[in-house]
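Letter by letter, the chains look like this.
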Amino acid sequence: MPTKYKIGGDDGTTTWLIWRGQESTAVATGWEVKFEVDDQGNVSGSNKNEGCGIKKHYTGTLINGEINVEVNWDDGAKAKYTGTIQGDKAVIDCEILAVGTTFGCVGDKSRCEGKVKVK
């Protein structure tokens, strides 16, 4: 039976390190990730961030607390999430691979953080 994860939401933050190709310290709230992990560590699932109408879809792995996931938005945006889940805290680095209608530039980077809930 897969294990369900919810990260962030009300407490989720995205701190942009590079936004539209420029250094940044801008912080956005409402970052959220929902996915399932099977017995082999394969990640699948989808959700929308708080206040956002565009759905994200996840594929990748979560093994020994290390997450390595590709994210595809319905508008064509793509990102790579890499980071750690330790206890009830996730710290995930995000790099934008394609912009769709929602992001600044390919190569923009952020650090996303939030509390982890497991079912």
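This text goes with the structure placed above it.
These numbers were taken from a predicted model, which means no experiment stands behind them.

Calculation rules
Residues numbered from 1 in each chain as written. Predicted model: local features only at pLDDT ≥ 70, side-chain atom pairs only at ≥ 80, totals over all residues. Heavy atoms only, no water. Pairing = 2+ DSSP bridges. Helix = DSSP H or I, 4+ residues; strand = E, 2+ residues; numbered from the N terminus. Buried < 20%, exposed > 50% of the residue type's maximum accessible area, 1.4 Å probe, protein only. Lys, Arg positive; Asp, Glu negative; His and termini not counted. Salt bridge = Lys/Arg side-chain N within 4 Å of Asp/Glu carboxyl O. Polar contact = N/O pair within 3.5 Å; in protein donor to acceptor, adjacent residues only side chain to side chain. Contact = heavy atoms within 4.5 Å. Core = buried A, V, L, I, M, F, W, Y, C linked by side-chain atoms within 4.5 Å. Phe/Tyr/Trp six-rings, centres within 6.5 Å; stacked < 30°, edge-to-face > 60°.

Quick look at the pairing of strand β7 (residues 55–63) now. Sheet analysis places strand β6 (residues 42–48) next to β7, joined by seven bridges and oriented antiparallel. For Val 43, the partnering residue across the bridge sits in β7 and is Gly 60. Relative to strand β8 (residues 66–73), β7 is paired through eight bridges, and the arrangement is antiparallel. Paired with Thr 59 across the two strands is Glu 70, which belongs to β8.

On to the side chain of Asp 108, then. Relative to the assigned elements, Asp 108 resides in the loop between β10 (89–98) and β11 (109–118). In this structure Asp 108 is buried but unpaired, with Arg 20 as the nearest side chain of opposite charge at 6.5 Å. There is a polar contact of 3.0 Å between the side chain of Asp 108 and the backbone nitrogen of Gly 21. The contacts of Asp 108, once residues within four sequence positions are left out, are Trp 16, Ile 18, Trp 19, Arg 20, Gly 21, Cys 94, Glu 95 and Ile 96.

In this structure, Ile 7, Phe 35, Tyr 58, Leu 62, Tyr 81 and Ile 85 are the most contacted members of the largest nonpolar core, which totals 25 residues. Broken down by secondary-structure element, the contributors of at least two residues to this core are β1 (3–8), β5 (32–37), β7, β8, β9 (78–86), β10 and β11. Contact partners of Ile 7, with chain neighbours within four places excluded, come to Trp 31, Glu 32, Val 33, Phe 35, Ile 85, Ala 90, Ile 92, Gly 114, Lys 115 and Val 116.

Looking now at the packing of aromatic side chains. If you walk through the whole model with that rule in mind, you get five aromatic pairs. When the ring of Trp 16 is compared with that of Trp 19, the centres are 4.8 Å apart and the planes differ by 55°; the resulting orientation is tilted. For the ring pair Phe 35 and Tyr 58, a centre distance of 6.4 Å and an interplane angle of 65° mean the geometry is edge-to-face. Taken together, the residues Phe 35 in strand β5 and Tyr 58 in strand β7 connect sequence positions 23 residues apart. In this structure Phe 35 comes out as buried when scored by relative accessible area, which is 4%. With relative accessibility at 2%, the residue Tyr 58 sits in the buried group. In this structure an aromatic cluster arises from ring pairing among Tyr 5, Trp 31, Phe 35, Tyr 58 and Tyr 81.

Moving on: unusual backbone geometry. Phi angles above zero are rare outside glycine, and Arg 20 is one such case at about 55°. Despite not being glycine, Asn 64 has its phi angle at roughly 55°, a positive value. Position of Asn 64 among the secondary structure elements: in the loop between β7 and β8. Assessed through its relative accessible area of 77%, Asn 64 is described here as exposed.

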